[in-house]
Amino acid sequence: MSIPNDSLNESYSLNVNGTLREVRDAWLGESLLYVLRERLGLPGAKGACEQGECGSCTVIMDDRAVCSCLVMAASATESRILTVESLGENGRLSDVQQAFLDAGGVQCGFCTPGFIVAVHHLLDQNSDPDDEQIKEALSGNICRCTGYGRILDAVKVAARGRRDGVGS
Amino acid sequence: MDHLLELLADHDDASVLAGGTDLMVEVNLHGRRPGTVIPVGGLEEMREWNHRPRSNSVTIGAALPYSDMERGPLAELLPALAQAARTVGSPQIRAAGTIGGNLGTCSPAGDILPVLAALDATIHVLHRDHSRDIRFADFMTGVKRNCLTPGEVVHSVTVPLTRGWQGYAKVGTRNAMVISTASACLVHDAEEGHVALALGAVAPTIVRAVKAEAWLSRQVDLRGTFRVSPETAHEFGLRAASETSPITDHRSTAEYRRHAVSVLARRLLERSAS
């Protein structure tokens, strides 16, 4: 597949949160972040640095946590994309979201969706991470409010819940 | 792969898109409007790596992400590559960025490049009408320049396996999420009795400190395990730094880079000696 740049009204589809979503009349250089937010009505992933430094746009793509701002959306037609909107079920918070609330890991909230996705990705691979592993896994997510202490607490609360068989 | 090479030959102004961690920054922040974009990340044969015991080497697909080099069997075979991969950006960046992207961009601060220089890597380049194998030393020709010609793509990289310690170190303004201010990779070949040292972000291309390497070989018998005195390690660092030509820019000064890279070279040599 090649992506010509001269057309502003291309259409393609993306597998987002288990559903095939049509993207119409798009410029093919658009980032996945832009397409999610502006074309598919999924504003959970946040746009801040647009250069992969802040992690607020983190999504899961083919079982990898990536910055959606650095994914050319039109190149992701073969990928399975999961956003923060997919994590809770039936309007209920996910275990990680609840843990962030319980531990006070949310202040202004802008970075939170990126953290939530990154923590889900971590705990899906390792439900008993130590402090170093948590810090390493979250080193690509920047929070300017909390100082990270309560975010670390939240991850431990969620991890404990999973080990005890609570939540998912 | 054939289809990809056809496309590349037909669109010789095309940008090859691997992990997107360089190209999309250009698009998002610098208004770059690439002509034609050809994504290679979905090609399975470019995302594989293979250990070839007969030639005692490892071949790594250009679209293999850094996160696959950080741990597991590849990391055990090539610890310096694993260490360098682990210093790239954040987990999200390492899940996307690739060795082929590092070679395509060819920044002097590219974290994988000193490893490829120290290991004398061979770059396998494909075109619809030909293929060529290029030593890394000949591949990188300047700041963000390489010898690829239109229609060519980096397919894979082969590095020899050596017996002996190898490691990578870098200096930046913080411990994570940082572009190198100076970097170094040292590979000890215990059978050949040689230490290779490659330095990054201290010259327009990656520097192999060949004079310091030769000097060290005259000071110390490097076959098998070896020891170095603090004085020898210190002088090795200074000699290596004198082979660089760093600049002052927004990330650091020439003086600091020269000092930092001498410290990195000294530390790596001390770690390799036991």
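Residues numbered from 1 in each chain as written. Chains lettered and ligands numbered in written order. Predicted model: local features only at pLDDT ≥ 70, side-chain atom pairs only at ≥ 80, totals over all residues. Heavy atoms only, no water.

1. Structural notes on the interface of chain B and chain A
Taken residue by residue, the interface counts 33 residues in chain B and 30 residues in chain A. Where chain B abuts chain A, roughly 2,300 Å² becomes buried across the two surfaces, and 58% of that area is made up of carbon and sulfur atoms. When the buried area of chain B at its contact with chain A is split by residue, M24(B), Q92(B) and M177(B) rank highest and sum to 25% of it. In this assembly, chain B and chain A are joined by four salt bridges. Residues R64(A) and D68(B) are paired through a salt bridge, measuring 2.8 Å at the closest nitrogen-oxygen approach. Scanning the region where chain B abuts chain A turns up nine residue pairs in polar contact (both at pLDDT 80 or more). Of all elements in the fold, only α1 (2-10), α2 (23-30), β2 (36-39), α3 (67-70) and α6 (91-96) of chain B reach the threshold of two or more residues within the side of chain B that touches chain A. In terms of residue count, the dominant contributor to the side of chain B that touches chain A is α2(B) (six residues). Of the residues in the side of chain B that touches chain A, the class split is 16 nonpolar, eleven polar and six charged. (Contact = heavy atoms within 4.5 Å. Buried area = accessible area lost by both parts, 1.4 Å probe. Salt bridge = Lys/Arg side-chain N within 4 Å of Asp/Glu carboxyl O. Polar contact = N/O pair within 3.5 Å; in protein donor to acceptor, adjacent residues only side chain to side chain. Helix = DSSP H or I, 4+ residues; strand = E, 2+ residues; numbered from the N terminus. Nonpolar A, V, L, I, M, F, W, Y, C, P; charged D, E, K, R; others polar.)

2. With respect to the nonpolar core
Where a protein is soluble and globular, its nonpolar side chains tend to be buried together. If you look at the biggest cluster of nonpolar residues, it comprises 86 residues, and the most contacted ones within it are L14(A) and L116(B). In terms of residues, this core owes the most to one element, helix α8 (residues 113-118) of chain B, which gives five residues. Not counting residues within four places of it along the chain, the set of residues in contact with L116(B) comprises I99(B), L103(B), A121(B), F136(B), V157(B) and V159(B). By size, the runner-up hydrophobic cluster in this structure holds 30 residues, among which are A169(B), V202(B), A209(B) and L264(B). (Core = buried A, V, L, I, M, F, W, Y, C linked by side-chain atoms within 4.5 Å. Buried < 20%, exposed > 50% of the residue type's maximum accessible area, 1.4 Å probe, protein only.)

3. So, a negative patch on the surface
Residues and elements named next belong to chain B. Among the surface-exposed residues, D2, E44, E45 and E48 lie close enough to one another that they form a single negatively charged patch. Tracing the sequence through the fold places E45 in the loop between β2 and β3 (49-52). Among the residues examined, E45 registers a relative accessible area of 39% and is labelled partly exposed. (Patch = residues over 30% accessible without salt bridge, like charges linked within 9 Å, V, L, I, M, F, W, Y side chains within 5 Å. Areas by Shrake-Rupley, 256 points an atom, 1.4 Å probe, with all protein chains shown as cover. Lys, Arg positive; Asp, Glu negative; His and termini not counted. Charge placed at Lys NZ, Arg CZ, Asp CG, Glu CD.)

4. Quick word on unusual backbone geometry
Residue and element names in this part refer to chain B. Unusually for a residue other than glycine, N56 sits at a positive phi of about 50°. Looking at the secondary structure, you find N56 in the loop between β3 and β4 (57-61). N56 gets classed as partly exposed once you look at its relative accessible area, which sits at 40%. Even without glycine at this site, D120 takes up a positive phi of about 55°.

5. Comments concerning the domain arrangement of chain A
Residue and element names in this part refer to chain A. Per the domain assignment, the segments of chain A are domain 1 (10-86) and domain 2 (95-163). A separation of 22 Å is found between the C-alpha centroids of domain 1 and domain 2. Tallying the contact residues gives 15 residues for domain 1 and twelve residues for domain 2. Summing the contributions of domain 1 and of domain 2, the shared interface buries around 1,000 Å²; its carbon and sulfur component is 66%. The largest share of the area that domain 1 buries against domain 2 comes from K46, T58 and V84, three residues that together contribute 39% of it. The interface formed by domain 1 and domain 2 includes zero salt bridges. Where domain 1 packs against domain 2, one counts four residue pairs in polar contact (both at pLDDT 80 or more). The set of elements that each furnish at least two residues to the side of domain 1 that touches domain 2 consists of β4 (58-61) and β5 (64-67). Residues of the side of domain 1 that touches domain 2, tallied by class, amount to six nonpolar, five polar and four charged. (Domains from an automatic or database assignment.)

6. Observations regarding the packing of helix α2 (residues 95-103) of chain A against helix α3 (residues 112-125) of chain A
All names here are of chain A. Interhelical geometry of α2 versus α3 gives an angle of 125° and a closest axis separation of 9 Å. Between α2 and α3, the interaxial angle falls into the category oblique. Crossing handedness for the pair α2 and α3: right-handed. Of α3, the residues touching α2 (which contributes D95, V96, Q97 and F100) are T112, F115, I116, V119, H120 and L123. Partitioned by chemical class, the residues of the contact of α2 with α3 number six nonpolar, three polar and one charged. (Axes fitted to C-alpha atoms, helices over the stretch in contact; angles between N-to-C directions. Parallel < 35°, antiparallel > 145°, perpendicular 65-115°, else oblique. Left-handed = near helix turned anticlockwise from the far one by under 90°.)

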